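Spelled out from the first residue to the last, the chains are:
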Amino acid sequence: MFAFKRLRSVFLLTLGLLSVQAAEVSLFDGKSLAGWEGETNSVWRVRDGVIVGGSLEGNPRNEFLATLKSYKNFHLRLEYKLVGTQGFVNGGVQFRSKRIPNPPNEMSGYQADIGAGYSGCLYDESRRRKVLAQADTNFVARLEKVGDWNSYEVVATGAQMLLFLNGQRTAIWVESEPGIEDTGVIALQIHGNCKAEISFRNLSIFRKVVDCFPDNGSVTAKGFEVQPRRWVVERTFGWMIRWRRFVRDYERRIDVSKAMIFVAMSGNLLRRNAHP
């Protein structure tokens, strides 16, 4: 009976560790721009079930299509396609960003860059105005399908941000400068001074559970408190450390890392069940 309870505790903790995100939510219904705001009369539209921005006839200035909701800690997935014939053929995906009053078409915040040799890079738009994390251009050149659909992922948790292009990590950034906002909208960009068109599809997001904790420090405001049955958690962590997979992450892809956690925890469950 004790062995069964121990096995159940480990199993439940495993489910908790692997369910660190809320349900995935689609940001685009495939039919309209509901939930978004921007220049929808002449720049942004829905065509054949995808969001399209810009024109091959020319784009005089930067334009952004932004979500109405703000996000802090999340995992964003989308696919993009960028085509162009002239100028600085470029776009991007803003996150933890906001619109600025002057000029009103611009935004300030982090940007997962797209095109013109900057795909896979993290740029700080209209704020520090520089590349924060430079992707390996040779690596990206092998990954990116120019003029075709590519997958892009943004993972933002606390001060750490990661970018993944076609399943491979291209940039990582840990924010250390004080005063940088960690909450904001997500926005799609088509760059100005070019003849180009950018398309987006399959946009979805899941919020990280760390959003469930208040930002005012009230979680720790009471100081040290003994938690009931804390020893169960600590003991399980002790079991986990027997697997190097739980103290070092060797994978570049999120799905492979998750799969290895399943494998390692399954090994722990079997071992504990076989030797109660």
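Residues numbered from 1 in each chain as written. Predicted model: local features only at pLDDT ≥ 70, side-chain atom pairs only at ≥ 80, totals over all residues. Heavy atoms only, no water.

**Things to note about the packing of aromatic side chains**
For any pair of aromatic rings, the description rests on two quantities: the centre-to-centre distance and the angle between the ring planes. Going by this rule: Centres within 6.5 Å make a pair out of two Phe, Tyr or Trp rings, where for Trp the six-membered ring is used; the pair is then stacked when the planes are under 30 degrees apart, edge-to-face when over 60, and tilted otherwise. Working definition: with a 1.4 Å probe on protein chains only, accessible area under 20% of the residue-type maximum means buried, over 50% means exposed, and in between means partly exposed. The way it works is that DSSP assigns letters per residue, a run of H or I at least four long becomes a helix, a run of E at least two long becomes a strand, and they are numbered from the N terminus. By definition, being over a ring means that NZ of Lys or CZ of Arg is both within 6 Å of the ring centre and within 35 degrees of the ring normal.
With the rule as written, the count across this model stands at five aromatic pairs. Pairing Tyr 71 with Phe 74 gives two aromatic rings, centres 6.5 Å apart and planes at 70 degrees, and the pair type is edge-to-face. Both residues of the pair, Tyr 71 and Phe 74, belong to the buried class. Between Phe 74 and Phe 95 the ring centres are 6.1 Å apart and the planes differ by 80 degrees, which places this aromatic pair in the edge-to-face class. Note that Phe 74 is positioned in strand β6 (residues 74–87) and Phe 95 in strand β7 (residues 91–99), a separation of 21 residues in sequence. Given the relative accessible area of 0%, Phe 74 is considered buried. Residue classification places Phe 95 among the buried positions, given a relative accessible area of 0%. In textbook terms, an aromatic cluster arises when at least three aromatic residues are bridged by ring pairs, as seen for Tyr 71, Phe 74, Phe 95 and Tyr 110. The residue whose ring lies beneath Arg 127 is Tyr 110, and the NZ or CZ to ring-centre distance is 4.9 Å.

**Thoughts on the pairing of β7**
Selection criterion: Think of it this way: DSSP has to see at least two bridges between two strands before they count as a pair.
The buried count for β7 comes to seven of nine residues, which makes it a mostly enclosed element. Across seven bridges, β7 lies against strand β8 (residues 107–114) in antiparallel orientation. Bridge pairing in β8 places Arg 99 opposite Met 107. In terms of strand pairing, β7 meets strand β14 (residues 184–190) through five bridges, oriented antiparallel.

**Describing the nonpolar core**
What counts here: We call a set of buried Ala, Val, Leu, Ile, Met, Phe, Trp, Tyr and Cys residues a nonpolar core when their side-chain atoms join them within 4.5 Å.
With 45 residues, the main nonpolar core has Trp 44, Ile 51, Val 93 and Phe 200 as its most contacted residues. Here this core takes six residues from strand β15 (residues 194–207), the largest share from any one element. Ranked by size, the runner-up nonpolar core spans five residues in total, among them Phe 64, Ala 66, Met 107 and Val 185.

**Considering the side chain of Glu 106**
Selection criterion: All tallies of charge rest on Lys and Arg as positive and Asp and Glu as negative; His and the ends of each chain are not included. We define a salt bridge as a contact between a side-chain nitrogen of Lys or Arg and a carboxyl oxygen of Asp or Glu at a distance within 4 Å. Any pair of N or O atoms that falls within 3.5 Å is considered a polar contact. Within protein, one atom must be able to donate a hydrogen and the other to accept it, and sequence-neighbouring residues count only if both atoms are side-chain atoms. Residue contacts are counted whenever heavy atoms from the two residues lie within 4.5 Å of one another.
Tracing the chain through its elements places Glu 106 in the loop between β7 and β8. Buried within the structure, Glu 106 lacks any salt-bridge partner; its nearest side chain of opposite charge belongs to Arg 129, at an N-O separation of 7.6 Å. There is a polar contact of 3.1 Å between the side chain of Glu 106 and the side chain of Asn 62. The contact partners of Glu 106, leaving out residues within four places of it in the chain, are Asn 62, Phe 64, Arg 99, Ile 100, Glu 125 and Ser 126.

**Details of the pattern of salt bridges**
If you walk through the whole model with that rule in mind, you get 13 salt bridges. Arg 127 is paired through a salt bridge with Asp 124; the nearest N and O atoms lie 2.9 Å apart.

Interpretation in functional terms is not warranted from these geometric data alone.
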